[in-house]
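Structure at a glance
Below, each chain spelled out in residue letters.
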Amino acid sequence: MTDAVTHYAMGVLFDKGATRVALLRKGWPEWQKGRLNAPGGHVEAGETYRQACSREGHEETGALVHPSDWQPVLGMSGRGWVCYVFTARYHGDFSDVCTQSAEEPIVKKDIHHGLFITETPCTNALRWIVAAAWDAVLDRGEGSSDRGPKAFAVCYDDQDPDVQKLWESALHVPIPK
């Protein structure tokens, strides 16, 4: 991907029963430092978003999840970036999902109706991203077909009214300021 937009993939990984989620306590970049976030990162040249999600998830959690097992949840964009969020259930022993870097330890949280409780600060949208991912992973169930992402889109670029109008028209609702 060679345009001026930076592309990211994020993977929300649940255990088999979708009762626990694996998150990272971020060590960097600075704006995320000390906050919880889902595994993810840049899409490298020649990679699909799902391949990037699989690679980043393995690098950050040790979990091996095939790219085709990552199901789309939602897309987000802002000035100069696009991020697609995927979700998967880990079919191995969830205790094998573990910290790969001392700078970014894994934090596993119990999920109750799509929500998790923590006193640790989270990145801006993490709570609703996890809730949407939980809903999507339950909705698809085991062996269901990939029906694509639900009607979710978020735009953080409130300084560009044309982008706001685009998202609002796609969603048929105003974007909250």
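In what follows, the structure referred to is the one given above.
Residues numbered from 1 in each chain as written. Predicted model: local features only at pLDDT ≥ 70, side-chain atom pairs only at ≥ 80, totals over all residues. Heavy atoms only, no water.

As a further point, take empty space enclosed by the protein. Tallied over the entire structure, the rule returns one cavity of 30 Å³ or more. Looking at the largest cavity, its volume works out to about 50 Å³. In terms of lining, the largest cavity is formed by Gly11, Leu13, Pro39, Cys53, Ser54, Gly57, His58, Thr61, Ala63, Val65 and Trp70. For the lining of the largest cavity, the secondary-structure elements that each account for two or more residues are strand S1 (6–14) and helix H1 (49–61). (1 Å grid on protein atoms, 1.4 Å probe; cavity = no way out; pocket = protein on both sides within 12 Å on 5 of 7 lines; lining within 4 Å. Points joined across faces, edges and corners; volume = space filled by probe spheres on them. Helix = DSSP H or I, 4+ residues; strand = E, 2+ residues; numbered from the N terminus.)

The next subject is the side chain of Thr118. Here Thr118 is to be found in the loop between strand S7 (106–110) and helix H2 (126–140). Taking relative accessible area as the criterion, Thr118 reaches 13% and is therefore assigned buried. Polar contacts involving the side chain of Thr118 include one to the main-chain amide nitrogen of Thr120, which spans 3.0 Å. For Thr118, the contacting residues outside a window of four places in its chain are Leu36, Lys109 and Arg127. (Buried < 20%, exposed > 50% of the residue type's maximum accessible area, 1.4 Å probe, protein only. Polar contact = N/O pair within 3.5 Å; in protein donor to acceptor, adjacent residues only side chain to side chain. Contact = heavy atoms within 4.5 Å.)

The first and last C-alpha atoms of H1 sit 18 Å apart over 13 residues, in line with the 18 Å expected at 1.5 Å per residue. Among the residues of H1, those classed as buried are Tyr49, Ala52, Cys53, Ser54, Arg55, Glu56, Gly57, Glu60 and Thr61. Looking at the buried positions of H1, the neighbouring elements they touch are S1, strand S2 (20–25), strand S4 (40–42), strand S6 (81–89) and S7. Of the residues one or two after H1, Gly62 is the one with positive phi, at around 80°. (Expected span 1.5 Å × (residues − 1).)

Turning next to the layout of surface pockets. Taken as a whole, the largest pocket encloses approximately 730 Å³ of empty space. Lining the largest pocket are 31 residues; nearest its centre among them are Tyr8, Met10, Trp31, Gln32 and Asn37. When contributions to the lining of the largest pocket are tallied by element, the ones reaching two or more residues are S1, S4, H1, S6 and H2. Across the lining of the largest pocket, the residue classes break down as 16 nonpolar, nine polar and six charged. (Nonpolar A, V, L, I, M, F, W, Y, C, P; charged D, E, K, R; others polar.)

Attention shifts here to the pattern of salt bridges. Under the definition given, this model contains six salt bridges. We note a salt bridge from Glu56 to Arg55, for which the minimum N-O separation is 3.0 Å. The pair Glu56 / Arg55 is uniform in exposure class, with both members buried. Connected through salt bridges with shared partners, the residues Glu44, Glu47, Arg55, Glu56 and Glu59 form a single ionic network. (Salt bridge = Lys/Arg side-chain N within 4 Å of Asp/Glu carboxyl O.)

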